[in-house]
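# Descriptive structure summary
Listed below are the residues making up each chain.
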Amino acid sequence: MTRDEVKAWRRAERERLIGARERLDPATLERWRGRIDSHLERSFPGLATAKLAFCWPMRGEYDARPSPTRCARGAR
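Here we summarise the structure given alongside this text. As the structure is a computational prediction, the values presented were derived from the model and not from experiment.

## Describing the pattern of salt bridges
For the structure on display, the rule yields four salt bridges. Residues R16 and E13 are paired through a salt bridge, measuring 2.5 Å at the closest nitrogen-oxygen approach. Of this pair, R16 and E13 are both found in helix 1 (residues 3-22), three residues apart, which corresponds to roughly one turn of the helix. A relative accessible area of 22% places E13 in the partly exposed class. Between R33 and E30 there is a salt bridge, and its shortest N-O distance comes to 3.3 Å. Here R33 pairs with E30, and both are found in helix 2 (residues 26-43), just three residues apart, close to one helical turn. What emerges from the salt-bridge pattern is a single network uniting E15, E22 and R59.

## Details of a nonpolar patch on the surface
Residues M1, V6 and W9 make up a contiguous nonpolar surface patch of roughly 360 Å² in combined accessible area. Summarising the element assignment, V6 is placed in helix 1.

## Structural notes on helix 2
The end-to-end C-alpha separation of helix 2 is 25 Å, in line with the 26 Å expected for 18 residues at 1.5 Å each. Residues of helix 2 that are buried include every one of T28, R33 and D37, and no others.

## Section: the side chain of T28
Locating T28 in the fold gives a position in helix 2. Within the local environment of T28, its side chain forms a polar contact with the side chain of D25, the two groups lying 2.7 Å apart.

## As for the environment of M58
Position of M58 among the secondary structure elements: in the loop between helix 2 and helix 3 (67-70). For M58, a relative accessible area of 54% corresponds to the exposed category. M58 sits 36 residues away from E22 along the chain, and the two C-alpha atoms are 9.9 Å apart.

What counts and what doesn't
Residues numbered from 1 in each chain as written. Predicted model: local features only at pLDDT ≥ 70, side-chain atom pairs only at ≥ 80, totals over all residues. Heavy atoms only, no water. Salt bridge = Lys/Arg side-chain N within 4 Å of Asp/Glu carboxyl O. Helix = DSSP H or I, 4+ residues; strand = E, 2+ residues; numbered from the N terminus. Buried < 20%, exposed > 50% of the residue type's maximum accessible area, 1.4 Å probe, protein only. Patch = residues over 30% accessible without salt bridge, like charges linked within 9 Å, V, L, I, M, F, W, Y side chains within 5 Å. Areas by Shrake-Rupley, 256 points an atom, 1.4 Å probe, with all protein chains shown as cover. Expected span 1.5 Å × (residues − 1). Polar contact = N/O pair within 3.5 Å; in protein donor to acceptor, adjacent residues only side chain to side chain.

Spelled out as structure tokens, the structure:
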């Protein structure tokens, strides 16, 4: 593939994946959010004493903003 073909493929693929994510129903999103939170809590037990930073979610992305109160109790 040429550089331009790769750029076009990436752009199309990104839009396809964002579209699929935006079509998910709220119950599925909440279930997946809970699974991600559980995974973070198990994988990073030191989060409670850490400083955390998150990016603002866009277009149906995982919303990590509640994480400090859900899985990283005490984090700043």
